[in-house]
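Architecture and fold: a report
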Amino acid sequence: MTALEHASSLTHSPQRVRLDRGTITSLLFGLLGVALIAGAAPAIDSTTRRFNLERPPNPAGIGFHPPTWIIAISVLYLVTAVLGFSPHAARRWAGLARVLSALSLVPLALVLSLALSDNPGTNVVNLFSQSFVLATPLALGATTGLWSERAGIINIGIEGTMLASAGVGYMTYALLGAASSTGWLWFSILISVMAGGLVASLHAVLSIRFGVNQIVSGVVINLFALGLTGFLRSEVIFRTGNTSGVSTSDVGLPLLSSIPVVGDQLFRGGPIYWMMYLVVFGTWLVMFRTPWGLRVRSCGENPHAAETLGINVLRIRYQSVILGGLIAGLAGAWFSMESQGGFEDNMTNAAGFIALAALIFGKWTPWGAFGGALLFGFSRALGTRLQFLGVEVSGFEIPSEFFQSLPFVVTLVVVAGAVGRSVGPAAAGMPFQKSR
Amino acid sequence: MSRPGDADSSITRASGHLHRFLTEAWRLQPLYVSLYAILLSLLIGGVLISLIGVNPLTAYWALLRGMVGDGERLAGSLARSVPFIGSALALALPFRAGLFNIGAEGQLLAGGLTAAYVGALSWMSDLPGGIAIPLIIIAGTMGGAVWGGIPGVLRTKTGAHEVISTIMLNSVVLFAARWMVGSRDPVVLRDTESTVPRTDPISDTAVLPELVDSQPVLHTGLFALLGLCFVVAFMLNRTNFGFEIATVGLNPHAAHYSGMNVNRVIVLAMAAAGACAGLAAASEISGTNGHFQPGTFFLMGFDGIAIALLARTKPVAVIAAALLWGSMLSGAPLMQQEADMSIDVVRIIQALVLLFVAADAVVRYLFRVHEQGQSPFRATSVEGAA
């Protein structure tokens, strides 16, 4: 390619459509729509299926005709494709169409998998409440990352912080409360939170005081937590004989949980689950509506400017990272004392990393990160649900391993930029030295 | 284009003996820190052991005899350490380019699967060992390289951070391997005659020759991985590509400005890392297991991270670190048997070692080791270099 040709390929006429992230996404939706109309809609079993709203027997529900729904969703995808490649005036709707298309992947997955299984219906309310519950550690973990990274400290060690606090908390419960006393359960949850703060302060000292590469420090914390909890499990928890215990009992929100049919499924959950909402809301409130929150954010964006204004950057960073650690400790308690009463090696199972992906998805904002956590919680809940439904495509049963890997694949796709570039705090990862 | 070394040469000459002394001291420095870190961890580990009610000296003596007690145990320790060399290089190599590859676990699985698949192909048994063995090794290396290259491509094309994408890819390949090896309907790679999920045994001609019949078997894969360390060290320190990797690691903007293709360097460095892990996996499949089971490589990639950090990401030092790490794991069962405590004690000692090596400033402060030269784990303040 000569220099001239190269130059002319860079300056394109307004009619020419650029192949950017948006148009490629539109194109992919269009192809999916064509494939669904041509391949799936005619071939699929057209017996009526049901979205149930409660548990059997005789659940209330909504019946639907799978091919009709698939064609309706396909038409939306085709419209998205057409809008993506249409002349300028109509293209302003393309973004909205893409968002709608992305959202409609959820009903599409449900309709397709129900139609492909032998089950006549499935409880969708339960599926959504499961998604919210499974999003708990992810939302808490993402909030941890938010506090840390907004103050300028990259935190890869969320996974290890959660694992260590899950182990230490459950160990306390097993040792002191024989894994059954409610009073000691609450005390142990508190210990979990403290342990999270302790691990985070290790990360803080390493990366703030000693200037260790923050990713190295985080990875070291992850490996350290793996070793520590393995030791605690086999040497302390196992020896107490209380390897499984009573976990927190569910709390229903007054009034809301007495709504007929769906109330008890949607508004009943464990105490840490409810605390998660408080933590996310509180994080938003403190970080974006208080002077201290503004200071935290300024330390993450431009610590030198912050220092000029008289802010003690190092102190703010310590406070923020340790506050994040306390939140991760709560997430750890969720694993070993709410989700299941007991501790297993590596029970966090990459949740800390998925939480980081949720943070990136949410572009370093509390509610965005919460949305990301919901997405990943949903993909995990959906994976489990589809495993139970037993989905079969032309005589080939889709293996359970496929559904188990669903949350990781979704994370990968999201991080690889289905949502566009997301830019973190400017000073994250860089050590700060006080001016003398 | 002149290299920075040329510009430095006048300063080198001027500072003479002092500079030479410092250079040599700098080369030794990392070893001091690692040694003190090990010492400190053994001390803290000893306190923990005595808290459980066991005499730490008894435990450590049993551990030591388990590691190097007699010829067979020594060979077993060596054999246990061999694959760690590859998984540690998988971190150490891209680390020089500022990339953090946590994906050795998945790259081992990908390499192991490809090696086992190629090794069990029916025509492999017709080939002489001189061709079949290189084939299986190359297959595993390529499998690892492809799986390692993916996060590199994602990083350059979409900006996805390699720490997250490699972790996710680890899980994806683990589930894929479990399915391929475990599924009976349809049969993908499963050995249908076996009761446990595993692949068909590889052809006899593709088995690496055995050196010592220890537990696990010490095989000639040892030489392949030892050689790999020197190849990687040579590549990083003495080739143009190594210079590009180092430049990208120090300052990608400067690398780009001086005409280097930063994206190409990132993808190749990640693929080369995957290749190191893949080679280790292939050597294990060929020399030790003879078939593929998903559990074989459990934690091997994560131990690799620890080993690479202990070796302060220097490829040749990886050999010593891997030997220490592997032989501790290999000696732990004797300690468990004689001192009646869990193998996890070794894990916690290892975790402590790692902590002190990464936080080298703590060790330097405690033991008054003076800092000369930059620690590889010290965060650089160059924007975008982290």
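1. Focus: the sheet that holds strand E3 (residues 121-123) of chain A
Residue and element names in this part refer to chain A. Spatial strand order, E2-E1-E3: three strands in an open sheet with mixed pairing. Since the sheet does not close on itself, it has two edges, and those belong to strand E2 (61-64) and E3, each with one partner. Ignoring which end each strand starts from, the neighbouring axes of this sheet average 15° apart. Sheet analysis places strand E1 (residues 49-52) next to E3, joined by three bridges and oriented parallel. Among the inter-strand pairings, Arg50 is bridged to a residue of E3, identified as Gly121.

2. Here we look at helix H13 (residues 291-301) of chain A
Residues and elements named next belong to chain A. Within H13, burial applies to Gly293, Val296, Arg297, Cys299 and Gly300. Around the axis of H13, the buried residues are gathered within 155° of arc, so they sit on the same side. Those residues of H13 hidden inside the fold are in contact with helix H7 (136-150), helix H12 (271-289), helix H14 (303-308) and helix H15 (313-339).

3. Digging into the side chain of Glu401 of chain A
Of note, Glu401 of chain A is situated in helix H18 (residues 400-404). The side chain of Glu401 of chain A is buried and forms no salt bridge, while Arg178 of chain B, the nearest opposite charge, is found at 6.6 Å. Excluding its chain neighbours within four sequence positions, the residues that come into contact with Glu401 of chain A are Phe175, Arg178 and Trp179 of chain B.

4. Description of the interface of chain A and chain B
Contacts between the two partners involve 42 residues from chain A and, on the opposite side, 49 residues from chain B. Here chain A and chain B share an interface that buries about 4,000 Å² over both sides, 81% of which is from carbon and sulfur atoms. Applying the counting criterion to the chain A and chain B interface returns four residue pairs in polar contact (both at pLDDT 80 or more). Only helix H9 (182-209), helix H10 (214-240), helix H16 (351-361), H18 and helix H19 (406-418) of chain A provide two or more residues apiece to the side of chain A that touches chain B. The dominant element in the side of chain A that touches chain B, judged by the number of residues it contributes, is H10 of chain A, at 14 residues. For the side of chain A that touches chain B, the residue count by class is 29 nonpolar, nine polar and four charged.

5. Some thoughts on the side chain of Thr166 of chain B
Residue and element names in this part refer to chain B. Looking at the secondary structure, you find Thr166 in helix H6 (residues 162-182). When its relative accessible area of 1% is taken as the criterion, Thr166 is described as buried. Reaching out from Thr166, the side chain makes a polar contact with the backbone oxygen of Glu162 at a distance of 2.6 Å. Of note is the side chain of Thr166, whose polar atom sits 3.1 Å from the backbone oxygen of Val163.

6. Let's talk about the domain arrangement of chain A
Residue and element names in this part refer to chain A. One can read the domain layout of chain A as domain 1 (16-116) and domain 2 (130-418). Relative placement of domain 1 and domain 2: their C-alpha centres are 33 Å apart. At the junction of the two partners, domain 1 supplies 10 residues and domain 2 supplies 14 residues. Interface area for domain 1 against domain 2, summed over the two sides, is near 900 Å², with a carbon-plus-sulfur share of 67%. For the pair domain 1 and domain 2, the interface holds zero salt bridges. On the surface where domain 1 and domain 2 come into contact, there are two residue pairs in polar contact (both at pLDDT 80 or more). Looking at the side of domain 1 that touches domain 2, the element that brings in the most residues is helix H5 (residues 94-116), giving six residues. Its residues assigned to classes, the side of domain 1 that touches domain 2 shows six nonpolar, one polar and three charged.

7. Regarding unusual backbone geometry
The omega angle of the peptide bond from Gln215 of chain B to Pro216 of chain B is -5°, so this bond is cis rather than trans. Residues other than glycine seldom take positive phi values, yet Asn346 of chain A does so here, at roughly 50°. One can find Asn346 of chain A in the loop between H15 and H16. One non-glycine residue, Thr313 of chain B, lies in the positive phi region at around 55°. Here Thr313 of chain B is to be found in the loop between helix H11 (300-310) and helix H12 (315-339).

8. Here we look at helix H6 (residues 124-134) of chain A
All names here are of chain A. Within the sequence span of H6, burial applies to Val124, Val125, Asn126, Leu127, Ser129 and Ser131. For H6, the secondary structure elements touched by its buried residues are E1, H5, E3, helix H11 (263-266) and helix H17 (366-389). Taking the backbone nitrogen of Val125 as reference, a side-chain oxygen 3.1 Å away marks Asn123 as the first, capping residue of H6.

9. With respect to the nonpolar core
One recurring pattern in soluble globular proteins is that nonpolar side chains are buried together. Grouped together as the largest cluster of nonpolar side chains are 204 residues, with contacts concentrated most on Val216 of chain A together with Phe100, Ile245 and Phe292 of chain B. Among the elements that take part in this core, helix H10 (residues 262-289) of chain B stands out by supplying 13 residues, more than any other. Ile70, Ala115, Leu127 and Val391 of chain A belong to the second largest nonpolar core, which has 25 residues in total.

Reading guide: rules and limits
Position labels on residues start from 1 in each chain and follow its written sequence. Think of it this way: whatever chain is written first is A, whatever ligand is written first is 1, and the rest follow in order. Confidence filtering applies because this is a predicted model: local features only for residues at pLDDT of at least 70, side-chain atom pairs given and counted only at 80 or more, and all residues used for totals across whole chains, interfaces and linings. With hydrogens and water set aside, each side-chain value is computed from the structure's full complement of heavy atoms. By definition, two strands form a pair when at least two bridges between them are found by DSSP. The helix and strand labels rest on DSSP assignments: H or I over at least four residues marks a helix, E over at least two residues marks a strand, and numbering proceeds from the N terminus. Here an axis means a line fitted to C-alpha atoms, over the contact stretch when the element is a helix, while the angle between two N-to-C directions is reported on a 0 to 180 degree scale. Partly exposed residues are those whose accessible area sits between 20% and 50% of the maximum for their type, while under 20% is buried and over 50% is exposed, using a 1.4 Å probe and protein chains only. As used here, the arc is the angular range of directions from the helix axis to the C-beta atoms. Contacts are assigned to residue pairs that have any heavy atoms within 4.5 Å of one another. Note that His is not counted, nor are the chain ends; the positive residues are Lys and Arg, and the negative ones are Asp and Glu. A side-chain nitrogen of Lys or Arg and a carboxyl oxygen of Asp or Glu constitute a salt bridge if their distance falls within 4 Å. Note on terms: buried area is the combined drop in 1.4 Å-probe accessible area of two parts once they are placed together, counting the loss on both. Throughout this description, a polar contact denotes any pair of N or O atoms lying within 3.5 Å of each other; where both atoms belong to protein, one of them has to be capable of donating a hydrogen while the other can accept it, and for residues adjacent in sequence the pair is counted only when both atoms sit in side chains. Three classes are used: nonpolar for Ala, Val, Leu, Ile, Met, Phe, Trp, Tyr, Cys and Pro, charged for Asp, Glu, Lys and Arg, and polar for all others, with Gly counted as polar. What counts as a domain boundary in this text is fixed by an automatic or database domain assignment. For this analysis, a nonpolar core means a set of buried residues of the types Ala, Val, Leu, Ile, Met, Phe, Trp, Tyr and Cys, connected via side-chain atoms within 4.5 Å.

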